[in-house]
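Each chain, written out:
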Protein chains: 4
Amino acid sequence: MYNHRPTDRLEYFSDAVLAIAATLLATELPKPETETGLLQEIVKQWPAYAAFAASFLFICIAWVNHHNMFIYIRQTDQYLLILNILFLMFVTLQSFTTGLLAHHVGKPEERTAALIYHGTLVMMTLLYNCTWWYATRTDELLEEHADRKLIRSLSKEYVIAPVLHLAALIICLWSVPFSIIPVLFLYIYFALPRLSEKRVKQKNPT
Amino acid sequence: MYNHRPTDRLEYFSDAVLAIAATLLATELPKPETETGLLQEIVKQWPAYAAFAASFLFICIAWVNHHNMFIYIRQTDQYLLILNILFLMFVTLQSFTTGLLAHHVGKPEERTAALIYHGTLVMMTLLYNCTWWYATRTDELLEEHADRKLIRSLSKEYVIAPVLHLAALIICLWSVPFSIIPVLFLYIYFALPRLSEKRVKQKNPT
Amino acid sequence: MYNHRPTDRLEYFSDAVLAIAATLLATELPKPETETGLLQEIVKQWPAYAAFAASFLFICIAWVNHHNMFIYIRQTDQYLLILNILFLMFVTLQSFTTGLLAHHVGKPEERTAALIYHGTLVMMTLLYNCTWWYATRTDELLEEHADRKLIRSLSKEYVIAPVLHLAALIICLWSVPFSIIPVLFLYIYFALPRLSEKRVKQKNPT
Amino acid sequence: MYNHRPTDRLEYFSDAVLAIAATLLATELPKPETETGLLQEIVKQWPAYAAFAASFLFICIAWVNHHNMFIYIRQTDQYLLILNILFLMFVTLQSFTTGLLAHHVGKPEERTAALIYHGTLVMMTLLYNCTWWYATRTDELLEEHADRKLIRSLSKEYVIAPVLHLAALIICLWSVPFSIIPVLFLYIYFALPRLSEKRVKQKNPT
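Before going into details, it helps to say that this report is about the structure given with it. Model, not experiment: these values are computed from the prediction. (Residues numbered from 1 in each chain as written. Chains lettered and ligands numbered in written order. Predicted model: local features only at pLDDT ≥ 70, side-chain atom pairs only at ≥ 80, totals over all residues. Heavy atoms only, no water.)

1. Description of the overall build of chain A
- Broken down by element type, chain A carries 8 helices and 2 strands.
- Going residue by residue from the N terminus, the α and β elements of chain A occur as β-α-α-α-β-α-α-α-α-α.
- Structurally, chain A occupies a C-alpha span of about 65 × 35 × 30 Å along its principal axes.
- Each of the 206 residues in chain A was classed as buried or not, and the buried ones make up 61%.
- Taking contacts inside chain A between residues at least 6 apart in sequence as the whole, the part at least 24 apart equals 77%.
- Total accessible area on chain A is roughly 8400 Å²; 67% of this is exposed by carbon and sulfur atoms. (Helix = DSSP H or I, 4+ residues; strand = E, 2+ residues; numbered from the N terminus. Buried < 20%, exposed > 50% of the residue type's maximum accessible area, 1.4 Å probe, protein only. Contact = heavy atoms within 4.5 Å. Areas by Shrake-Rupley, 256 points an atom, 1.4 Å probe, with all protein chains shown as cover.)

Rendered as structure tokens:
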């Protein structure tokens, strides 16, 4: 009933948006124009640099996982395309929220900026999961011989990102610095080799 | 008489410009530097964020349709290239007009900024149609076995975009907020699976 | 004696830099923050918009010709790579010189800004020619069956760009507005189907 | 035990980030808004333009070498991916450190800005070497028939970059202008055809 296209151009466009969004982050870093004590000024603004590193790493994690996701997706339809585009919209918002957080750290409105930062990440990871959920619910979009067990374990892994970002959002209501903890857990989780990928390995030993 | 080239490098360049233009939009978003009431400040500037979302979605719609268009175009010539480049020029202007609109919303010059915003979209969609019209008028540029009926129905679909943006431009002379209505119609139209694409499906059932 | 690589990754990198440089131009456009008379303000700054359009079109012309050039180049070596990288460096400077010109138009330092603008284009087109000259002088870099006549006619065509930009630079010393004339000639020249491309057509009629 | 992927998408993403980072540099160049003496103002800021050229050339050198490196790498695993992503993070920081240095040249905090500039390059080249070291230590990541001698000579070549940047960092503690000397050595070294590449030539004479 709907139109289907091969996924390569969608992957290409997503890759380009993710690469540009990751690279643009550095342009939002505050460049102190102070006449003396430049290093102290930069050290004082460490949360801006931490937010940059966190956003950069997170966009790269999104890129790696987006690629893994499309290994199992054979073709796209109108709705998958729309979900993926909305996901990318929140990816591009990262440079805005990172810049906003960088500017307000240590100032009265720090919490609001941190809530917007975490909220955008919740939306981005939720839309990522929606894209995957929609693809797994629509048989004709998946690769024909995709391992159902593997797909279920990927679904479980992907859901961890919005849950931990939501946790960060809630912790942020009490304490901004502690809201970093679930984000660190997320990095450690994605840095370690994972169950589902071992399975991919066993299936495609090339 | 003219030189012809395969279309892949043109598609690649267009994809890159569209991806970059979409990602740059977020850098034009106003980052309020207020000491108190950050959330209220951001809520007050909602039209800037709406203009960002509208421009992002519209560039993505342009990307999807640009791709569909080049399924039927076998090769390019000098004039098709020029029309496509002029189309891309107005695509890159989106970040400028979105930033201009974002800045002037709620201020005395709101209408002028909105007229420039809609006017750029009229030009961009008109040039998109010119590219398509030129390709369909020049037999050697089209795929040999392209379905004439399908091409006519695509021509009709594509013309809807400049017509609705022109309507938005005219409505804007009376009321800026109401000028959003034809744009919303356009989104709904392009979000729904369309007649011409069902036909593509029936022809290429893969 | 030197190392040779296939040209595809160099073409890819050049394409990406050209696409990004073209898209970034629009972010340098002045966005008047005036409370009244926005349209008049924008009309008054027309040379900034003209400089944007000129730079955008010129980067696109460079892209089209760069692609044509690499049809005849089979492989690269260290020196071709360096010449091409220097060419790209002056391409990325376009956004800087366009922004500088846009800012100084109608102000006392207009001429200096225009001289820098034209000077960068002279350097960029000269380096483009150097890349081509070096490739044509080094037999192992060219496609084996490249038509020598065609290559000579391309060499003649390419040399027109730095000559006309140098003319613009010299005219600029007397009159800034008249310096646009050689640039317009260049556009008309590159917009018209050219002799060398007709020959390509006859050779590769696909 | 770990998951392996073909390297093409990683190369594509790295290429895109390197191309964008190189092109963004020009947007950090100071555009003097002076009413008189524009040329003098620009000449006075020459170190900003020198820093731009140095960063642009260095990102291009990194791109050329990154490509050469991946000729010998057959597949990636989780850790290679992480090292490569960290390398790219420091690549994107170039626009920040170049802008910072450009702003502080000739001002009291010049040395601090230069130290940050050189320090980022030390980190970037160190992470480049780590990526290569990790790949050469892990047999299953390398091309099967990779020449061990060639790999050792590449390892020696790559280590020159962090060593010379560290030298620049140390010289910078005494004199900022002299810290340019090891960087110039690096350029000359990478501009000249190198031993390891002659060997590649002999092996792949195509």
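Having put the structure on the table, let's press on.
2. So, the relation of the copies chain B and chain C
- Aligned on chain C, chain B shows an RMSD of 0.0 Å; the corresponding rotation is 90° and the shift along the axis is 0.0 Å. One copy is carried onto the other by what is essentially a four-fold rotation axis.
- Take the interface residues of chain B: only 11% of them recur as interface residues in chain C, which is what a contact between different surfaces looks like. (Least-squares fit on C-alpha atoms with pLDDT ≥ 70 in both.)

3. Regarding the arrangement of the chains
- With respect to C-alpha atoms, chain A approaches chain C no nearer than 10 Å, and the pair has no contact.
- One finds no contact between chain B and chain D; the C-alpha atoms of the two approach each other to within 10 Å at their closest.

4. Details of a nonpolar patch on the surface
Residues and elements named next belong to chain A.
- Taken together, the side chains of Ile171, Phe178, Ile180, Ile181, Leu184 and Phe185 make up a nonpolar region of the molecular surface, amounting to roughly 570 Å² of accessible area.
- The element contributing the most residues to the nonpolar patch is helix H7 (residues 180-191), with 4 residues.
- In this fold, Ile181 is placed in helix H7.
- On the basis of relative accessible area, Ile181 is assigned to the partly exposed category, the value being 38%. (Patch = residues over 30% accessible without salt bridge, like charges linked within 9 Å, V, L, I, M, F, W, Y side chains within 5 Å. Salt bridge = Lys/Arg side-chain N within 4 Å of Asp/Glu carboxyl O.)

5. Observations regarding the interface of chain A and chain B
- Counting from both sides, the interface comprises 38 residues of chain A and, opposite them, 43 residues of chain B.
- Buried surface at the junction of chain A and chain B, summed over both partners, amounts to about 3500 Å²; 70% is from carbon and sulfur atoms.
- When the buried area of chain A at its contact with chain B is split by residue, Arg9(A), Phe13(A) and Phe96(A) rank highest and sum to 22% of it.
- In this assembly, chain A and chain B are joined by 1 salt bridge.
- Lys31(B) is the partner of Glu28(A) in a salt bridge, and the nearest nitrogen-oxygen pair spans 3.1 Å.
- The interface formed by chain A and chain B contains 5 residue pairs in polar contact (both at pLDDT 80 or more).
- Counting only elements with at least two residues in the side of chain A that touches chain B, the list comes to helix H1 (8-24), helix H4 (78-104) and helix H5 (110-137) of chain A.
- Counting residues per element, the side of chain A that touches chain B draws most heavily on H4(A), which supplies 16 residues. (Buried area = accessible area lost by both parts, 1.4 Å probe. Polar contact = N/O pair within 3.5 Å; in protein donor to acceptor, adjacent residues only side chain to side chain.)

6. Quick notes on the relation of the copies chain A and chain B
- Once chain A has been moved 0.0 Å along the axis and rotated by 90°, it coincides with chain B to within an RMSD of 0.0 Å.
- Taken together, the interface assignments show that only 11% of the residues at the interface of chain A recur at the interface of chain B, consistent with different surfaces on the two copies.

7. Comments concerning the interface of chain B and chain C
- In this complex, chain B contributes 38 residues to the contact, which on the side of chain C involves 43 residues.
- At the boundary of chain B with chain C, total buried surface from both sides reaches about 3500 Å², with 70% on carbon and sulfur atoms.
- Looking at the side of chain B facing chain C, the largest losses of area belong to Arg9(B), Phe13(B) and Phe96(B), adding up to 22% of the total buried there.
- In this structure, the connection of chain B to chain C is made through 1 salt bridge.
- Summed over the shared surface of chain B and chain C, the number is 5 residue pairs in polar contact (both at pLDDT 80 or more).
- At the level of secondary structure, the elements contributing two or more residues to the side of chain B that touches chain C comprise helix H1 (8-24), helix H4 (78-104) and helix H5 (110-137) of chain B.
- Top element by residues in the side of chain B that touches chain C is H4(B). It accounts for 16 residues.
- Split into classes, the residues belonging to the side of chain B that touches chain C amount to 23 nonpolar, 10 polar and 5 charged. (Nonpolar A, V, L, I, M, F, W, Y, C, P; charged D, E, K, R; others polar.)

8. A look at the packing of aromatic side chains
All names here are of chain B.
- In this structure the tally under the stated criterion is 40 aromatic pairs over all chains.
- Plain terms: the ring middles of Phe52 and Phe56 are 6.2 Å apart, the flat faces sit at 40° to each other, and that makes the pair tilted. Highlighted residues: Phe52 and Phe56, both in helix H3 (residues 46-71), separated by 4 residues, approximately one helical turn. Considered together, Phe52 and Phe56 belong to a single accessibility category, that of buried residues.
- Between the aromatic rings of Tyr128 and Tyr158, the centroid separation amounts to 5.0 Å while the plane-to-plane angle is 85°, which identifies the pairing as edge-to-face. Of this pair, Tyr128 sits in helix H5 while Tyr158 sits in helix H6 (residues 148-174); the two residues are 30 residues apart in sequence, bridging distant segments of the chain. No difference in accessibility class separates Tyr128 from Tyr158, as the two residues are buried. (Phe/Tyr/Trp six-rings, centres within 6.5 Å; stacked < 30°, edge-to-face > 60°.)

9. Notes on the packing of H1(A) against H4(A)
All names here are of chain A.
- Between H1 and H4, the shortest axis-to-axis distance is 9 Å and the interhelical angle comes to 10°. Looking at the two axes, H1 sits roughly parallel to H4. Contacts from Leu10, Phe13, Ser14, Val17, Leu18 and Ala21 in H1 reach Leu81, Asn84, Leu88, Val91 and Thr92 in H4.
- For the contact of H1 with H4, the class distribution of residues is 8 nonpolar, 3 polar and no charged. (Axes fitted to C-alpha atoms, helices over the stretch in contact; angles between N-to-C directions. Parallel < 35°, antiparallel > 145°, perpendicular 65-115°, else oblique.)

Fair warning: the whole summary comes from geometry, so function is off the table for now.
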